[in-house]
Amino acid sequence: MVTALAAWAILSSDLDDKIAAIAPKTAEVRWMEIPWRMDLTQARRAAQSTNRPLFMFIMNGHPFGCT
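Structural notes, computed from the coordinates. (Residues numbered from 1 in each chain as written. Predicted model: local features only at pLDDT ≥ 70, side-chain atom pairs only at ≥ 80, totals over all residues. Heavy atoms only, no water.)

### Quick notes on the pattern of salt bridges
Two side chains carrying opposite charge are able to pair once their charged atoms lie near each other.
Part 1: A complete count under the given rule lists one salt bridge for this structure.
Part 2: Put simply, Glu33 and Arg30 hold a salt bridge, and the shortest N to O gap is 3.5 Å.
Part 3: A residue is classified by how much of its surface remains accessible, and Glu33, at 55% relative accessible area, is exposed.
Part 4: The class for Arg30 is exposed, based on a relative accessible area of 51%. (Salt bridge = Lys/Arg side-chain N within 4 Å of Asp/Glu carboxyl O. Buried < 20%, exposed > 50% of the residue type's maximum accessible area, 1.4 Å probe, protein only.)

### Overview of the layout of surface pockets
Part 1: Put simply, the largest pocket is a space of about 660 Å³.
Part 2: Along the wall of the largest pocket there are 18 residues; nearest its centre are Pro35, Trp36, Arg37, Leu54 and Phe55.
Part 3: Split into classes, the residues belonging to the lining of the largest pocket amount to 14 nonpolar, one polar and three charged. (1 Å grid on protein atoms, 1.4 Å probe; cavity = no way out; pocket = protein on both sides within 12 Å on 5 of 7 lines; lining within 4 Å. Points joined across faces, edges and corners; volume = space filled by probe spheres on them. Nonpolar A, V, L, I, M, F, W, Y, C, P; charged D, E, K, R; others polar.)

### Some words on helix H2 (residues 40–50)
Part 1: Those residues of H2 that sit buried are Ala43, Ala46 and Ala47. End-on, the buried residues of H2 take up no more than an arc of 95 degrees, which puts them together on one face. Of the residues in H2, the exposed ones pointing more than 90 degrees away from the buried face are Arg44, Arg45, Gln48 and Ser49.
Part 2: One side-chain oxygen at the N-terminal end of H2 lies 2.9 Å from the backbone nitrogen of Thr41; it belongs to Asp39.
Part 3: Backbone geometry just downstream of H2 places Asn51 in the positive-phi region, at approximately 55 degrees. (Helix = DSSP H or I, 4+ residues; strand = E, 2+ residues; numbered from the N terminus. Arc of directions from axis to C-beta. Polar contact = N/O pair within 3.5 Å; in protein donor to acceptor, adjacent residues only side chain to side chain.)

Here's what the structure looks like:
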């Protein structure tokens, strides 16, 4: 017979495994390390001083598609 505490330990470890399976891996969240800029002038200066390209994300309309 399984006690309530033992059952909770089994469910808890199963839940931890499921969370670990769907949680983003370190390589998948590297984009969060990018120093995003909201000011275009600051972004241009930073890109030019580090000799890196400038990536611009531009959109028209509501971000949820509710136009």
